[in-house]
Amino acid sequence: MTIAPKNSFVLSRRHLLGIEGLTHGDITGLLDLGEEFVELNRQVEKKRTSLRGRTQINLFFEVSTRTQASFELAGKRLGADVMNMSASSSSMRKGETLVDTAITLNAMHPDIIVVRHHASGAVELLASKLDCSVINAGDGAHEHPTQALLDALTIRRNKGRIEGLTVAICGDILHSRVARSNIILLNAMGARVRVVAPATLLPQGIERFGVDVANDMREGLNGADIVMMLRLQRERMNGSYVPSVSEYFHYWGLDQKKLAYAKPDALVMHPGPMNRGVEIDSIVADGAQSLIREQVEMGVAIRMAVLEALSRNLPSA
Amino acid sequence: MLSDRRPILLANARIIDPSRDLDIVGDLLIADGMIREARKGIGAAGVPEGTETVDCRGKVVAPGLIDMRAFVGEPGAGHRESFASASQAAAAGGVTTIICQPDTSPVIDDPATVDFVLRRARDTAIVHVQPMAALTKGLNGKEMTEIGLLKAAGAVAFTDGARSVTNAQVLRRALTYAREFDALIVHHTEDPDLTGDGVMNEGEFAARLGLLGVPRAAETVMLERDIRLVALTGGRYHAASVTCAESLEVLRRAKDAGLNVTASASINHLTLNENDIGSYRTFFKVSPPLRAEDDRKALVAAVGTGLIDVAMSDHNPQDVETKRLPFAEAAAGAIGLETMLTAGLRLVHNEELALMALLRAMSTRPAELLGIPGGSLRSGAPADVIVVDMDAPWIIDPNELKSKCKNTPFDEARMTGRVVRTIVGGRTVYEFA
C-alpha cells in the first residue's frame, strides 16, 4: 500500500478560507497534487493513510449533497475519521451561536473542520475561534475555494492549460460564491474572464474584478473556450431579479444555439445541482462538450489534495 | 470634589466659543452654575472668594458637547445602556447634553414616558439628558404623536429613530402640523425597500465580501422626497444622518432655496469608511452603512462649510452576543459618546477640519436647532464646559470605556487629544488625572 503521494507540496497556511490570497504556485501545487489523486481514485484500492488518526468534521449549516459527500469520501480515502454534522441535527437549531458551536467542537480536538454556512464571512469567524485547520466549503456569496480548484483542474486536464483561455461565467453572479472564487483563481492563473448575466444579477462594482462584463450571451460567449453556467435559485426567478423562467431561459439559458457563439471546441461546465431548462438545456448538459460529470470526479480528487496539503502542516505526534 | 459647586476659574486657556467665533487665550470664570465671563486677564484677583483656580496651561476650553443622536437603553434595554452609564461615558467624552432617542421599549411616544425619562435621568445621570420623542405612535409610521403635548413635556424634537417614514402623506401631515409648535422633525433617510437586505455600502468592496449592498440612492431618494415635502409644508426638518456626497448636493439645493432644512453626520461616517470593515469586522457595521473614502471627505468638508450642521455620535451600544456573529446577522451600531470628540480631533490634527467648525457642529448648532441652552461660552450661558488637552496621546482600551457595551470601532486605536475636565452646570463631573 502506498503511504504518501509522490508530490510533496505543502500549503503554507493553516486554513483554506478562500482563493483570495493563494499564489499561482499554491494553486499549481494543489492542482498537481489533485492529478495524482485522480489516478488513485480510478484504482480499485483507493485508500491512503496520510490522515490516519486524524478527525475531520464536516459542519454543514446549509444543505448540500455533493459537496458534503465529496469531502466525506476525500477524508475517508485519506484515512481520516470523518464525522458529518448538519444544521438540522445540530444545536444551532436550539439557538446556540456559531461561536459557541466552534468552541464546543474545538474542545473535541478535531484536526480538520470543513464548514459550509449561509452567511458570508461565517467560516472566517469560526476559524478565528478554532485551533484546527478549517476548510471553507462555501460561505454565503463570498467564496467556495474547492469548487474553483476542481473547476481549474477540470479545465487544465481538458485544455492542457488555463493561461490564455477565455472563460465565460454566466448567470447569477450576484449571489454566487462559485463565481467569486472562480474569477479570482482564473485571473491569478492568467485566463481571461467574462461575466455574462442580466444586470440585475450582477453585483455593483463587478467591472473592478478584472473581468469583462456582458449582458448578452452572443457577445459574452463569442470566442469563449469555456462556458461556465451558474445555478439560478428558484425564488429569484419570479419577478424579483428576472421576470420568469421562460424569459430567463430564452435570453440567458445555455442551449445549442447560444453555445455555437463560443469556439467550436468550447467546453461547458456547471457546479451543480443543475436546473435543466432554466439555465441549461439538457441536450447541452449531457452533450459531447459537457464536462459536468468530470467536474464531480475532480471534486473528490481536489478535496483530497486540499486535505493532504493542509494536513502536512498539522502538528504530528 | 464631584459635588463641589465653588466658582471655578479656568485660567490661561485657549478659549473657543463657536457661538461667537471667539478663539482667544484668556480666563473663563464660572459661578452659580453659569458662565460669568471669558476674557484675557481675569486673574486670581478678579474672582469671588473660594474660587477653585485651574491653570489650563494653554489647553482648550470650549462649550460642552451636545450629542444630538444617542441611543440609551432606558426604558427597556438598561442592560445595554442606562442613563447612569451613558452619562459617565458622555462626561468622559466631553458630552454635557445627551439627546436620547425614542426607539426604546416602550417607545417614547407619550408625555408620561417623556416625564419618566427626564426624571430618571435627573436622578441617575451626571450630564443633561433631553429626549427626542417619536414622530409616529409606536414608531409605526402611520399616526402622528401628540407633538404639542410631548413638546410641552420636554421633548426637544420628533423622530422615528432609525426608521424612515415611508408614507409620504404621514410625513407631510406631521411637517404641516408641527409648524404650529415650531417642532423640529428629525428623519432617518433610508428607503427600506432599496436598503433591502443590504448590510454595507454597495460597490466593489461589498461584492468582494459577498455581502449585499445598500445603494446611496436608498438615502438620496428619501432625502429628495423629504425636501419636496418641506417645500410643500414649510416645516422644520433635519436629516438625521447623511452619509454620502450625493446627499450634499440635495442639501445644498434645499438650503439655497431657503428651506428650513438642516442635517447631521455621525462621527463614524466622518472618520471611517467601508474599507475599515476589512474581513467582516462587525464593530464597523452601522446603519446607514459606512461609505467610500470620497464620501467621507465630502462629509468632512461639508461640516467645515456648515452645509452639514451637526456632528453626532450615533451612540448605539450592542452586546457581544449581537455583534459576535457573521456580518450579515450582526446588529448594526457603534458606541460613540466617549470617543466622538477625540475621533473628531483626528480630523483637526490631519488638517481636514478646523477645530472651531468641529466644536460648532458638536455644540453650538445642536443647541440652536433644538432650542436648548448650552453650546456657548457667553456670559449667562449654563456652565457646561469642557477642557481639552489637544495633544495628549492615548490608546483606546475598550475595557476602560464607561459604556456598558464595548462595541467601539476605535478599539485599540491611537488617538491624539482627550477631554481632561468636564463641567456640567458649574460642577466638575469628570476629571482625567
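Per chain, the residues get numbers from 1 upward, laid out in the order the sequence is written. The naming scheme follows written order: chains are lettered A onward, ligands numbered 1 onward. Predicted model: local features are reported for residues with pLDDT of at least 70 only, side-chain atom pairs are reported and counted for 80 or more only, and whole-chain, interface and lining totals are derived from all residues. The side-chain values count all of the structure's non-hydrogen atoms but skip hydrogen atoms and water molecules.

Let's shift gears to the sheet that holds strand β15 (residues 261-266) of chain B. All names here are of chain B. Here a strand pair is declared whenever DSSP counts at least two bridges between the two strands. In this description a helix means any DSSP run of H or I spanning at least four residues, a strand means any run of E spanning at least two, and both kinds are numbered starting from the N terminus. Read from one edge of the open sheet, 6 strands run β9-β10-β11-β14-β15-β16, paired in parallel fashion. Of all the strands in the sheet, just β9 (133-134) and β16 (310-312) have a single pairing partner and so form its edges. Only heavy atoms matter for contacts: two residues are in contact if any of them lie within 4.5 Å across the pair. For helices, the axis comes from a line fit to the C-alpha atoms of the stretch in contact; other axes are also lines fit to C-alpha atoms, and the angle between any two N-to-C directions lies between 0 and 180 degrees. Its contacts with the sheet put helix α13 (residues 355-370) on β11 (184-187), β14 (236-239), β15 and β16, and the angle it makes with β16 is roughly 110 degrees.

All names here are of chain B. Domains are outlined according to an automatic or database domain assignment. Here chain B is described as being made up of domain 1 (8-61 + 382-431) and domain 2 (64-370). Between domain 1 and domain 2, the C-alpha centre-to-centre distance is 26 Å. If you look at the interface, domain 1 gives 42 residues, while domain 2 gives 48 residues. Here the quantity called buried area is the accessible surface, traced with a 1.4 Å probe, that two parts lose on coming together, added over both. The largest share of the area that domain 1 buries against domain 2 comes from N407, P409 and F410, three residues that together contribute 20% of it.

What follows concerns the interface of chain B and chain A. Residue-level contacts link 15 residues of chain B with 21 residues of chain A. In total, about 1500 Å² of surface goes out of reach between chain B and chain A, with carbon and sulfur atoms giving 60% of it. Area buried by chain B at its contact with chain A is led by R208, Y280 and R324 of chain B, which between them contribute 35% of it. What makes a salt bridge here is a side-chain nitrogen of Lys or Arg within 4 Å of a carboxyl oxygen of Asp or Glu, nothing more. Where chain B meets chain A, there are 1 salt bridge. With a shortest N-O distance of 3.1 Å, R208 of chain A and E204 of chain B are connected by a salt bridge. Pairs of N or O atoms are called polar contacts if they sit within 3.5 Å, as long as, within protein, a hydrogen donor faces a hydrogen acceptor (for residues adjacent in sequence, only side-chain-to-side-chain pairs). Across the contact surface, chain B and chain A share 7 residue pairs in polar contact (both at pLDDT 80 or more).

Here we take up the pattern of salt bridges. Residue and element names in this part refer to chain B. Scanning all chains against the criterion turns up 39 salt bridges over all chains. The salt bridge partner of R360 is D21, with a shortest N-O separation of 2.6 Å. Remark: D21 occurs in the loop between β1 (8-17) and β2 (22-31) and R360 occurs in helix α13; sequence separation between them is 339 residues. What makes R360 partly exposed here is its relative accessible area of 24%. Relative accessibility decides the category of a residue: with a 1.4 Å probe and only protein chains considered, values under 20% of the type maximum give buried, values over 50% give exposed, and everything between is partly exposed. Judged by relative accessible area, D21 falls into the exposed class, the value being 53%. R296 serves as the salt-bridge partner of E352, at 2.9 Å between the closest nitrogen and oxygen. Linking E352 in the loop between α12 (340-349) and α13 with R296 in helix α10 (residues 293-305), this pair joins segments that are 56 residues apart in sequence. Note on E352: relative accessible area 30%, which makes it partly exposed. A relative accessible area of 8% places R296 in the buried class.

With a 1 Å grid spanning the protein atoms alone, the term cavity applies to any set of points in which a 1.4 Å probe fits but cannot get out, the term pocket to an open set with protein on both sides within 12 Å along at least five of seven lines, and the term lining residue to any residue with an atom within 4 Å of a point. Grid points are joined across faces, edges and corners, and a volume is the space filled by probe spheres set on the points. Looking at the second largest pocket, its volume works out to about 430 Å³. Contributing to the lining of the second largest pocket are 20 residues, with L125 of chain A together with Y280, R281, T282 and R324 of chain B lying nearest its centre. Of all elements in the fold, only α4 (122-127) of chain A together with α11 (320-323) of chain B reach the threshold of two or more residues within the lining of the second largest pocket. Broken down by class, the residue content of the lining of the second largest pocket amounts to 9 nonpolar, 5 polar and 6 charged. Throughout, the ten residues Ala, Val, Leu, Ile, Met, Phe, Trp, Tyr, Cys and Pro are labelled nonpolar, Asp, Glu, Lys and Arg are labelled charged, and all others, Gly among them, are labelled polar.

All right, on to unusual backbone geometry then. Residue and element names in this part refer to chain B. The omega torsion across S105 and P106 is 0 degrees, close enough to zero to call that bond cis. Locating P106 in the fold gives a position in the loop between β7 (95-100) and α2 (111-124). S287 connects to P288 through a cis peptide bond whose omega is -5 degrees. With respect to the secondary-structure elements, P288 resides in the loop between α9 (267-271) and α10. One non-glycine residue, N12, adopts positive backbone phi at about 55 degrees. Position of N12 among the secondary structure elements: in strand β1. Given a relative accessible area of 41%, N12 falls into the partly exposed group. For D32, which is not a glycine, the phi torsion comes out positive at approximately 55 degrees. Along the chain, D32 falls in the loop between β2 and β3 (34-39). Overall, the relative accessible area of 57% leaves D32 in the exposed class.

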